[in-house]
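Here are the chains, one letter per residue:
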Amino acid sequence: KVCQKPQYRCMFERAIPENSRWNPHSWFRRMRSGAQKLGTDYVIYLEPDVKVKHRHQIQPAYDAGGVYDNFNGPIGDLTAAYLTKLGRERNPGF
């Protein structure tokens, strides 16, 4: 119901759910698309464990934080081998 109020300029688009840890391109693509639709220079993405204490006080020098987060566990060896096999079937140089 919040998105039905014009002052919030909300929009909703359904996206295919995926795990983007190993290739974050689709996540970055969706974030960039959202920023372009909003016409904004910066997007601050907050995960559920983030506590907002105050407005940002400096303009960020670089885009993106969290790219190198390591709290997501790695995929298992069998899964990695299976995905590598699929990649090599599709592209022998993979």
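The structure contained in this document is the topic of the report that follows.

Conventions and cut-offs
- Residues numbered from 1 in each chain as written.
- Predicted model: local features only at pLDDT ≥ 70, side-chain atom pairs only at ≥ 80, totals over all residues.
- Heavy atoms only, no water.
- Helix = DSSP H or I, 4+ residues; strand = E, 2+ residues; numbered from the N terminus.
- Buried < 20%, exposed > 50% of the residue type's maximum accessible area, 1.4 Å probe, protein only.
- Contact = heavy atoms within 4.5 Å.
- Areas by Shrake-Rupley, 256 points an atom, 1.4 Å probe, with all protein chains shown as cover.
- Expected span 1.5 Å × (residues − 1).
- Phe/Tyr/Trp six-rings, centres within 6.5 Å; stacked < 30°, edge-to-face > 60°.

## Focus: the overall build of the protein
- Of the regular secondary structure elements, the protein holds two helices and zero strands.
- The burial tally for the protein puts 4% of its 94 residues in the buried class.
- Counted over contacts in the protein with a minimum sequence separation of 6, partners at least 24 positions apart contribute 32%.
- Split by element, the accessible area of the protein, about 9,500 Å² in all, is 55% carbon and sulfur.

## Details of helix α1 (residues 25-38)
- Taking 1.5 Å per residue as the helical rise, α1 with its 14 residues ought to reach 20 Å, and the 20 Å between its terminal C-alpha atoms agrees with that figure.
- Directly after α1, the chain includes Gly39, whose backbone phi takes a positive value near 70°.

## Re the packing of aromatic side chains
- For the coordinates displayed, the defined rule picks out one aromatic pair.
- An angle of 80° between the planes, with centres 5.2 Å apart, marks the rings of Trp27 and Phe28 as edge-to-face.
- For Trp27, a relative accessible area of 26% gives the class partly exposed.
- When its relative accessible area of 33% is taken as the criterion, Phe28 is described as partly exposed.

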